[in-house]
Amino acid sequence: MRISHLPNLLALALYLSTTVTCSVLEIADFTSSNQREMETVDDPVMGGSSHSSAELSSDCLIWEGEVKKVWFLQSPGFCILETADKQDFSGLGDTSGISVFVKEDSDMLLPLSAQVATGAVSKRGRPVTYTGILSERSRGNGQIELYAAWDTFVGKFRGENVVAPPLDSKELDKTYRIGLSTYQSHKAGEFYIELVKIVAGIETEETTTD
């Protein structure tokens, strides 16, 4: 009896098809006028000696520097590139993740992580930074796409996990700062990154009939 229904189910599946389309919300494009003001924050704020700088070229933002071991911890410190001050990221709550596009000849300390600040505080009242590990998702046209879905982000305070509000669409809409960090690589050394753009993906499903 169940087998006899299979042709009907297959016909229905062919008749009703779901198409997933993806558009993007531009966060920063370092090849255009939407470049956003950026700044570097390195581990000397925590007693380390790492350093980095960011300089805009004709077709990218060059972020380069060196991560050094923090002498009293004997472990690598960090370098961070982030949007300066508080900025507006309207529409971020409608997106599914973040993509960072860099040129293929970049020399990175992997994995890099993306960081988001929303003003959230942990259960113990600590300021929360949501952090997601970026993984290579695509490569082409001389560029590498590094991606992290929002649902993989974890609330942290000074690199340690904390109990924090979930990074849902409501919390994402409160975002005022977005950044990149070398910390999750747990590596020391020099790096050179040619950053092309940062976007957030918006996936939608459309059901069509044939």
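Note that this is a predicted model, so its numbers are computed, not measured.

## Things to note about the overall build of the protein chain
Inference 1: Check the secondary structure of the protein chain and you find two helices and 16 strands.
Inference 2: Split into buried and exposed, the 210 residues of the protein chain put 41% on the buried side.
Inference 3: For the protein chain, long-range pairs separated by at least 24 residues make up 73% of all intrachain contacts whose partners lie at least 6 apart in sequence.

## Side note on the nonpolar core
General note: in soluble globular proteins, nonpolar side chains tend to be found buried as a group.
Inference 1: The biggest cluster of nonpolar side chains holds 37 residues, and the ones touching the most others in it are Ile 98, Leu 134, Trp 150, Phe 153 and Leu 195.
Inference 2: Elements with a minimum of two residues in this core: strand S1 (16-29), strand S4 (61-67), strand S7 (79-83), strand S8 (97-103), strand S9 (113-117), strand S12 (143-149), strand S15 (177-181) and strand S16 (189-209).
Inference 3: Per-element accounting of this core gives the leading share, five residues, to S16.
Inference 4: Sequence-distant contacts of Phe 153, defined by excluding residues within four places in its chain, comprise Ile 98, Ala 114, Val 116, Tyr 130, Thr 131, Gly 132, Ala 148 and Leu 167.

## Quick word on the pairing of strand S3 (residues 51-56)
Inference 1: In terms of strand pairing, S3 meets S4 through six bridges, oriented antiparallel. Residue Ser 52 lies in a different strand from S4, and its bridge partner there is Gly 65.
Inference 2: Hairpin remark: S3 followed by S4, antiparallel, with four residues in the connecting loop.

## Quick look at the layout of surface pockets
Inference 1: Computed from the structure, the largest pocket encloses a volume of approximately 940 Å³.
Inference 2: Lining the largest pocket we find 37 residues, and of these Met 46, Phe 78, Ile 80, Arg 158 and Gly 159 sit closest to its centre.
Inference 3: Only strand S6 (75-76), S7, S9, strand S10 (129-133), strand S13 (154-157) and S15 provide two or more residues apiece to the lining of the largest pocket.
Inference 4: Split into classes, the residues belonging to the lining of the largest pocket amount to 18 nonpolar, 13 polar and six charged.

## Some remarks on the pattern of salt bridges
Inference 1: This model, assessed by the stated rule, comprises six salt bridges.
Inference 2: Ionic pairing is found between Asp 59 and Lys 103, a salt bridge with its closest N-O pair at 2.6 Å. One end of the pair, Asp 59, is in the loop between S3 and S4; the other, Lys 103, is in strand S8, with 44 residues separating them in the sequence.
Inference 3: Among the ionic pairs, Lys 174 bridges to Glu 171, the shortest N-O distance being 3.6 Å.

## Focus: the side chain of Asp 43
Inference 1: Inspection of the secondary structure assignment puts Asp 43 in the loop between strand S2 (38-42) and S3.
Inference 2: Buried and unpaired, Asp 43 has no salt bridge, with Lys 68 as the nearest side chain of opposite charge at 9.0 Å.
Inference 3: At 2.6 Å, the side chain of Asp 43 forms a polar contact with the side chain of Ser 50.
Inference 4: A distance of 3.1 Å separates the side chain of Asp 43 from the backbone nitrogen of Phe 78, its partner in a polar contact.
Inference 5: If we skip the residues at most four places from it in the chain, Asp 43 touches Gly 48, Ser 49, Ser 50, Lys 68, Val 70, Gly 77 and Phe 78.

So, how was this worked out
- Residues numbered from 1 in each chain as written.
- Predicted model: local features only at pLDDT ≥ 70, side-chain atom pairs only at ≥ 80, totals over all residues.
- Heavy atoms only, no water.
- Helix = DSSP H or I, 4+ residues; strand = E, 2+ residues; numbered from the N terminus.
- Buried < 20%, exposed > 50% of the residue type's maximum accessible area, 1.4 Å probe, protein only.
- Contact = heavy atoms within 4.5 Å.
- Core = buried A, V, L, I, M, F, W, Y, C linked by side-chain atoms within 4.5 Å.
- Pairing = 2+ DSSP bridges.
- 1 Å grid on protein atoms, 1.4 Å probe; cavity = no way out; pocket = protein on both sides within 12 Å on 5 of 7 lines; lining within 4 Å.
- Points joined across faces, edges and corners; volume = space filled by probe spheres on them.
- Nonpolar A, V, L, I, M, F, W, Y, C, P; charged D, E, K, R; others polar.
- Salt bridge = Lys/Arg side-chain N within 4 Å of Asp/Glu carboxyl O.
- Lys, Arg positive; Asp, Glu negative; His and termini not counted.
- Polar contact = N/O pair within 3.5 Å; in protein donor to acceptor, adjacent residues only side chain to side chain.

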